[in-house]
Amino acid sequence: MASALLDALLRSCRDPAAALDALCWGSDCFPDKDTVDALTCLITRLGDVSDRQPGAAPGPELLRRAEAIVWDRCFPLLCATGRDSGPCEPDGPGRRRALVAALCRLLGACAGLCGGAVPERLVETALPVLLAVGEEDVVEPGGDTCLDPSVAVEVIAAALPHLCPRSQLTHRLLDAVLACARAARDALVSKVVSRVLFSLLNNNQLKPSELLRRLWEGLKLWDQEDSSPAATARLLLCLTALSDQLLRASAAPSVPPVPQHPDPHVPQHPDPRLCPRFWALVQRGLTHRDNVSRKRALFLLKRCVSLSEETGAALHSGPAAADGVSLFWWEPHRLQLLLGFWVDYMLIMETLDENQIHVVRPVLNRFSKLMEATVADGPDRPLFHPSWLVCVYRRMFDSENKTVMEEGVRHLLELPPSPCLSLGFAEFVVGPFLDVLADSRLFHRAAGQSAGECPELAVKLQGFLVTFIGSLPEDSRGAVVLQMVQGLACRHWCAVPLLFLSQALAQLPPCPALGLPGLHALREVLRSTMVTHQVLLRGAAQCFLLETALHLTDVSAVTLEDVFSFLQHFRADESLCRGTGLWTRLCDWLHTSEGLFRSAGPRRGAEDGSGPLSSYVQNLLDSFLRVPASAEPAGPVPGWAEAELVGRAVLLAADLEQRRAQSGEVGVPESPGLPQLLRPLLDTLHRVGTSVYLPVCKTDRSLQLLLSLLRLCRHQGPQDAVRGALEQCVFSVAEPVQEYVVRRLGGELCTLQDVERCRLYLSVLRALVQLGDAVGRHRVSLLQRLVPALSRSCLRTLEPHEEQSGQPCRTLPLQPPQLAAQVQRAVGQSAAAWLCEVALEQPGQLHPDSCPALAALTAHLSRAPMNQMLAKPLANTEQQGCVEEGPCLQGWGRLAAQFVQDQWSCLRLVVSRSAPPPGVLQGAMEALSILPSDQVLPVLSCLRTLLPQLLVSEASLCVEAVTLAWTVVRGLSSSPHDFWPVLRGFIQLVFQQAVLELPPPEHCQLSAAVARIAVELIEMSQTKAGVFNQLIQQCCDTWMPLDAGSDSAFASALTHLDIFTEACLHGPVLRRDQRLLQDVQAYIEQLGEECAANSAVSSDCRDDHFPRVHAMAFLSRLDASNELHKTFMEQLVLRLLNKDEEAARARVRYYGNSLQHRVKNRAWQSLLLLLPRLEEASAARVLGRLYEAGFCGNQASVKYLIEWQIILTLERHPALLPTLWPCFLLGQENNKTSICTFLSVLVHLGTVLQRVDDKAAQWRRALDVILQWCFSHNFSVRLYALLALKRVWALRGDAGVGPGLDGLGGLAALVESSLEQAEAMQGSGSLPHRNAMKNWQRIQEHFFFGTFHPLQDYSVETIFHTLPSLSDLADDEWIPVWKFQRLAAFPSNPSLPLHNPRRELREAGAGDWVQQDKGDGERAAEWAEVQKKMTAWWLSEPDPDLELQQHRAARLGKSSSALVVVASLIDKPTNLGGLCRTCEIFGASALVLDSLHHLSDKHFQALSVSAELWLPLLEVKPPQLAVYLEEKRSEGYCIVGVEQTANSCSLADYRFPEKTLLLLGNEREGIPADLLQQLEVCVEIPQRGVTRSLNVHVSAALLVWEYTRQQLTAPPQP
């Protein structure tokens, strides 16, 4: 129609230019879209007319008018729309976009009409915009135009179809497209590719083949310059858009042309498949973080595989790589192999995008097939490039689902050994694989592993690294190992991953792989181990790293200096200590490698690393003691690192020499012994007291080395010749060293730098005294000379000068304090504190000559005021009125705090020998306030002595002091190094005997404060393991010391019974991160001496089992004949029973291994140690509560303990047996499966009857009770009763009933017949009989009924380890016997042995039979609770939503049947959701549920898929089903049950009435017996398989469909 109108217009209009003028708009306004479209149609029609009529070409005026439209009308409008300016601009972005599109169509029409230079000028005008496009997609205005980039793209797209072929312009345009693709935003790039690039390539006049080749070369150059993820995403976008041109069968020859001299004038069609860079780009895309980029890469891979299959040509993507295979290749004769590989590969990559492990795991077996296909041609040459497999692992490692990541790690660790795979995976293993191993969650224990085992992934990691490194070519092995170690060094590691990686490296076979760079990298890894506060984990990692260095170091590439510099970073108190296996292996390595180390130049002018180790050590020692002439006479104390290095080197050389002597090596030159090695040191120390010219720096170095040797040289036994030689050397210089130290401490130290020197001197004295104490010689002589001299020196320093001279003080003007005098006072106070410490530690071993001097010092200290402060000297320089502190006072704050701390160290001796000075508590609180928190330990120690003396006279101050001390302790909780010593001192202060013996909290403020602190300590232990350990150890040692001869302190245990109760219930923390650290620490401890850290790191007793182990050891030492002990046990039993009841009443979910389950289990374990020791009267008082606990729903482990407890109580106290029988008569309808607890007790009736006098009567009573429960409706109860009947009937001879079974009459024959029938059940019977037989066998084989003996198995091992392991309790609740031996002094008690003498129970396995604790009673209680909150269904008003559903379904024409499906007995939302969907599809009239709350359940909604919106739903509670069924029966419904009964009808034979109510049973128990009586018929589904039953939803779906089928095929009613 529009064409005809335009033709008519042109025929009637003689001047087309006038028509153009009529449709044009003014230059100062915006036209509407219709006007522009009309003008476009007119110009297009003019062009069509000229094309149809060759002689009717447009005249010059028309062309001029058309060109004017382009530049005077369209272009200004396009620029204006880009600038968002103009008063008449169209409103809204939609109208603006429509106008721009219309203007561009008009430009295209004008360009087609004008031709020639107009299209080129349009392109030339828009090109700068694309070339200059940046990250912000804007171009600064300039010239006559300022187009928006998106508008410029549309302009170029409009002009391109009319562009004449000119290579220069097209090339510039192509360059602009590539520039825009690299720098523009995604939206603009998509527009450029779709609008410009496609137009270029589809324009046959522009030589698209040449453009495509140039474009391909530009893309390759771009990829070469930039391979970042952003560039990869853009390149994939471009290649995906060009896939139809680049990857097409017509362009791909059957045989790839490889001309020797290609004609440059003939454009070659590019084939990306031949380019290795293209495949590298695809692989980067497959592992890209962006989902769209991954899909584009996978699309390109599919296109390439499809093209290769279609063309069938052989090809290789460039030359083969170093491993002998191209990134992509194709051979027609291996088509099936190639297709199978790539189809599986693409399926795996598509599946990994699902990020769901249940979807990913099934395709991993295909991944294994890919690996098999990769090495199908042999282990040395891969069939496919391994980088494709690496892409799969990269994708799994980058998955958002951590389970997929873990699955990928485990799959990689099972990589088959193959040289080609290992070499192809090398870069990946040392890079991304190490990154993913930094996740600590990978190293959690796997299912089935027990505490103390190495994590499954760590075991696989060790085997993987050994196999992977071993399968590498020998020339590449060292480089890969070095890259791996360097990769470890450049990452930040958590303690657990670094530990297991270090262990895996230590398992590598020895090879010379690491030179000096490798040692430097290991040193950096070693430094990263210091981050963790877990000392044992830190030390273990250091041990494994040293093992790695010993195995992998190339000794010919390193010098001895390099080795010992590396060893310097291993701490003696964490890993590398003398006497461990690691030290021995290091000595062996040095011995084997001696003489093979690389030669080094002279070190400090004297050393040569090429000689034997002893020569190197001698030179090292000489160089260490050599002091340059330019050294300061009294500079700072040298650092300790070099002294420890020299000391370790000396000891290694000495041990190596000792090993040579013991082995009797022949032909080895004799090396000097330890005295000869230490000759320079001994000579220096001999001269320290006599040589005036000996430099202080050299003396300090000598003392540091002496102290380092004593610390590092641990005693290895009586045959340790090195230790003996060192002791002789030390004692030979002890006297001059002592004299020198006393002289220096007597007033020669006068600068702040000398404070550190004072610590060095006192440490040397302490080491000498400890050495004399350990050896047993020289101690008295050392102290005899040392104590008097040092005491007099301290007095001279601390007493005022006027006091010493006896002259009265003269009034002198106040002088500013001098620094030297204040430092001397601080030094004297430190020396006095050391003397007081010696006097307190060994009060009886001081020589009599030392006592007067020490007494004089003590008298002075007792007179000195507390908390004296040093007077800060003036060390200022005034410059223009500005006061600046000089550098000589740096460290003054630390010195002042140390001075106060030393005063309290001295005060400990004063208060231990005399009455406390007045105001001492106020002074202690002041010291706690002013001292740094890490220096308050002496104050706490002093308070520990003071507190018992001031409890009565200054009670309120005692409370304040204790509270303030607790505040200080809590402030240190984030500093592990200082927290534990201060916590230990605080607990010894607060929980000492005198404090614990105070009256109860309600009568004493201090007792109340102590009780509050105890609660807070227990709370702190939940987040900081080991806190409660300190508390319970202190309390137990206070209440019952191991060497106590009386019970004077035990009475206080009754006051603080809460603490002990909590200890009985304390257990492992449930936090996952803490559990991982505990598991790893347990694994390291299990390594024993194999890991040197276990010997080097002192045990801190932070085991979570420590409180309970200590409490059980305490309970085992109690004497039941002691009245105090008996009262303690009785009260503790009541408290534990209360705790059990509280856990049972807790309104939280009680499930297996929950916190409630663990608390109840711990409580009953403790009760199992206590109750058998109670007297009969006490046991009778609590036996009723044991029965009540048996009626509660309990987990299996708690149930066993309760049953065992009842058996032991009745066995120990036979008179209490009659109290058991009423339990079988209480609430028979409510207890049901709980009665199994008491039936289990009767299974062990033989143990209970051992001490009973009237065995026959009690046996007969048990028989009557059992027979009563043999007729229970519950299958589990019947099974327990049958087992109890069998065991009790077997006791008839022991019970004294006699062979004739007098008094039983026909009952005996009935019992024997029933038991014979039970034993005679065969598997060839019906399916229910086979299931019953299987359960009967399982319950008889269960360990609690078949192997367990209540008396013979009564042991600590059974209670705390064997029984928990057999009852599905979490393994972190198992306490092995070795913990009772190691963590506590567990006494030897014949009535409660540690080990179980019987092996049968330890070797038994957990039974298949699980006791059914939760039966109908629990569900009925739940229903009753719900009924209180909800209105009964028959009282509720019609639900408007239900009516809405029915009306909605009717409006849609949905028909429904008369079928009602009742699912009130079903409780699983998944089954209900699927059933709702089935009922809606087949048109059921209603679905009845037990609760409409299921509709909001996500599992219900996932299966119902909104079916609940179209199906009427009713709510009927299970207790009201009987009433509901009767009501429906009265309405004419036939009640049909889905159940297998004796009279059930097969579904194939049953004809459903129209009005049918279908009753579905519970998933486990089916339809209850009371409701079966209301059914008119039971229908069962015919079965042919072995499985007993179908899922309830599946069964219901079959019946609903059968009902629907019958109704559909039924003849219509007349």
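Going by the structure above, here's the rest.
Given the structure is predicted, the values throughout are model-derived calculations rather than measurements.

S.K.: I would appreciate a short explanation of the overall build of the chain in the present structure.
M.R.: From N to C terminus, the chain includes 73 helices and 11 strands. In the chain, which comprises 1614 residues, the proportion classed as buried is 52%. Considering only residue pairs separated by 6 or more positions, the chain has 77% of its internal contacts joining residues 24 or more positions apart. Accessible surface computed for the chain: about 71600 Å², of which carbon and sulfur atoms make up 52%.

S.K.: Would you mind going over unusual backbone geometry with me for this structure?
M.R.: A negative phi angle is the norm for most residues apart from glycine, just as the trans form is the norm for most peptide bonds. Its identity as a non-glycine residue notwithstanding, D1368 has a phi of 60 degrees, on the positive side. With respect to the helices and strands, the residue D1368 is situated in the loop between α64 (1356-1366) and α65 (1377-1383). A positive phi angle is found at V1505, which is not glycine, with a value near 45 degrees. Here V1505 shows up in the loop between α70 (1498-1504) and β7 (1513-1515). Look at V1505 and you get partly exposed, because its relative accessible area is 44%.

S.K.: How should the pattern of salt bridges be read in this particular structure?
M.R.: A pair can form between side chains of opposite charge whenever their charged atoms are brought close. Scanning the model with the defined rule gives 65 salt bridges in all. The partner of R1135 in a salt bridge is D1058, with the nearest N and O atoms 2.2 Å apart. One end of the pair, R1135, is in helix α52 (residues 1123-1145); the other, D1058, is in helix α48 (residues 1057-1065), with 77 residues separating them in the sequence. In this structure, K1160 and D1140 form a salt bridge, with 2.8 Å as the shortest nitrogen-oxygen distance. Here D1140 lies in helix α52 and K1160 lies in helix α53 (residues 1155-1170), a separation of 20 residues in the sequence. The burial state of K1160 is the same as that of D1140; both residues are buried. Salt bridges sharing common partners tie together R1108, R1158, R1162, D1372 and E1373.

S.K.: Can you help me understand the packing of aromatic side chains in this one?
M.R.: In this description, a pair of aromatic rings is defined by centroid distance and the angle of the planes. A full pass over the atoms with the stated rule returns 55 aromatic pairs. Centre to centre, the rings of F1344 and F1345 are 5.6 Å apart; their planes meet at 85 degrees, and the pair counts as edge-to-face. Residue F1345 is classed as buried on the basis of its relative accessible area, which comes to 2%. On the numbers, 4.9 Å between centres and 90 degrees between planes, the contact of Y1550 with F1552 is edge-to-face. One aromatic cluster is present, built from ring pairs that chain together W216, F278, W279, F328, W329, W330, F341, W342, Y345, F384 and W388. A cation over a ring is seen here: R121 above W71, with NZ or CZ 3.8 Å from the ring centre. Above the ring of W640, the side-chain terminus of R711 is found at 5.4 Å from the ring centroid.

S.K.: Any chance you could explain the environment of R744 here in plain terms?
M.R.: Following the sequence through the fold, R744 ends up in helix α33 (residues 721-748). Residue class for R744 comes out buried when judged on its relative accessible area of 9%. Note: C-alpha distance between R744 and G689 (55 residues apart in sequence) is 9.9 Å. Here the side chain of R744 touches Y761 through a polar contact of 3.3 Å, side chain to side chain.

S.K.: Even after reading the chapter, I still don't get the packing of helix α11 (residues 229-241) against helix α13 (residues 276-286), so can you show me in this structure?
M.R.: Any two packed helices are characterised by the angle at which their axes cross and by the distance between the axes. Running from N to C, α11 and α13 cross one another at 115 degrees; their axes reach a closest spacing of 10 Å. By the angle between their axes, α11 is roughly perpendicular relative to α13. Remark: the crossing between α11 and α13 carries left-handed chirality. Across the interface between the two elements, T232, L235, L236 and L239 from α11 touch F278, L281, R284 and G285 from α13. Across the contact of α11 with α13, the residue classes tally to five nonpolar, two polar and one charged.

S.K.: Just to check I follow, could you spell out helix α31 (residues 679-686) for this structure?
M.R.: Given 3.6 residues to a turn, an α-helix orients residues that are three or four positions apart in the same direction. Considered for burial, the residues of α31 that qualify are L681, L682, T684 and L685. Angularly, the buried residues of α31 cover 160 degrees about the axis, an arc narrow enough to put them on a single face. Of the surrounding elements, those touching the buried residues of α31 are α28 (613-625), α30 (674-677), α32 (696-712) and α33.

S.K.: Got a minute to help me understand the sheet that holds strand β5 (residues 1460-1462) in this structure?
M.R.: Hydrogen bonds along the backbone pair up the strands of a sheet, which may run parallel or antiparallel. Read from one edge to the other, the open sheet built from seven strands follows the order β7-β6-β5-β10-β8-β11-β9, with strand pairing classed as parallel. Only two strands of the sheet have a single partner each, and these edge strands are β7 and β9 (1545-1546). Bridge count for β9 against strand β11 (residues 1577-1580) is two bridges, and the pairing is parallel. Bridged to C1545 within β11 is V1579. Running at roughly 165 degrees to strand β6 (residues 1486-1489), helix α69 (residues 1469-1481) makes contact with β5 and β6 of the sheet.

What counts and what doesn't
Residues numbered from 1 in each chain as written. Predicted model: local features only at pLDDT ≥ 70, side-chain atom pairs only at ≥ 80, totals over all residues. Heavy atoms only, no water. Helix = DSSP H or I, 4+ residues; strand = E, 2+ residues; numbered from the N terminus. Buried < 20%, exposed > 50% of the residue type's maximum accessible area, 1.4 Å probe, protein only. Contact = heavy atoms within 4.5 Å. Areas by Shrake-Rupley, 256 points an atom, 1.4 Å probe, with all protein chains shown as cover. Salt bridge = Lys/Arg side-chain N within 4 Å of Asp/Glu carboxyl O. Phe/Tyr/Trp six-rings, centres within 6.5 Å; stacked < 30°, edge-to-face > 60°. Lys NZ or Arg CZ within 6 Å of the ring centre and 35° of its normal. Polar contact = N/O pair within 3.5 Å; in protein donor to acceptor, adjacent residues only side chain to side chain. Axes fitted to C-alpha atoms, helices over the stretch in contact; angles between N-to-C directions. Parallel < 35°, antiparallel > 145°, perpendicular 65-115°, else oblique. Left-handed = near helix turned anticlockwise from the far one by under 90°. Nonpolar A, V, L, I, M, F, W, Y, C, P; charged D, E, K, R; others polar. Arc of directions from axis to C-beta. Pairing = 2+ DSSP bridges.

From the geometry alone we can't say anything about function, so treat these as descriptive.
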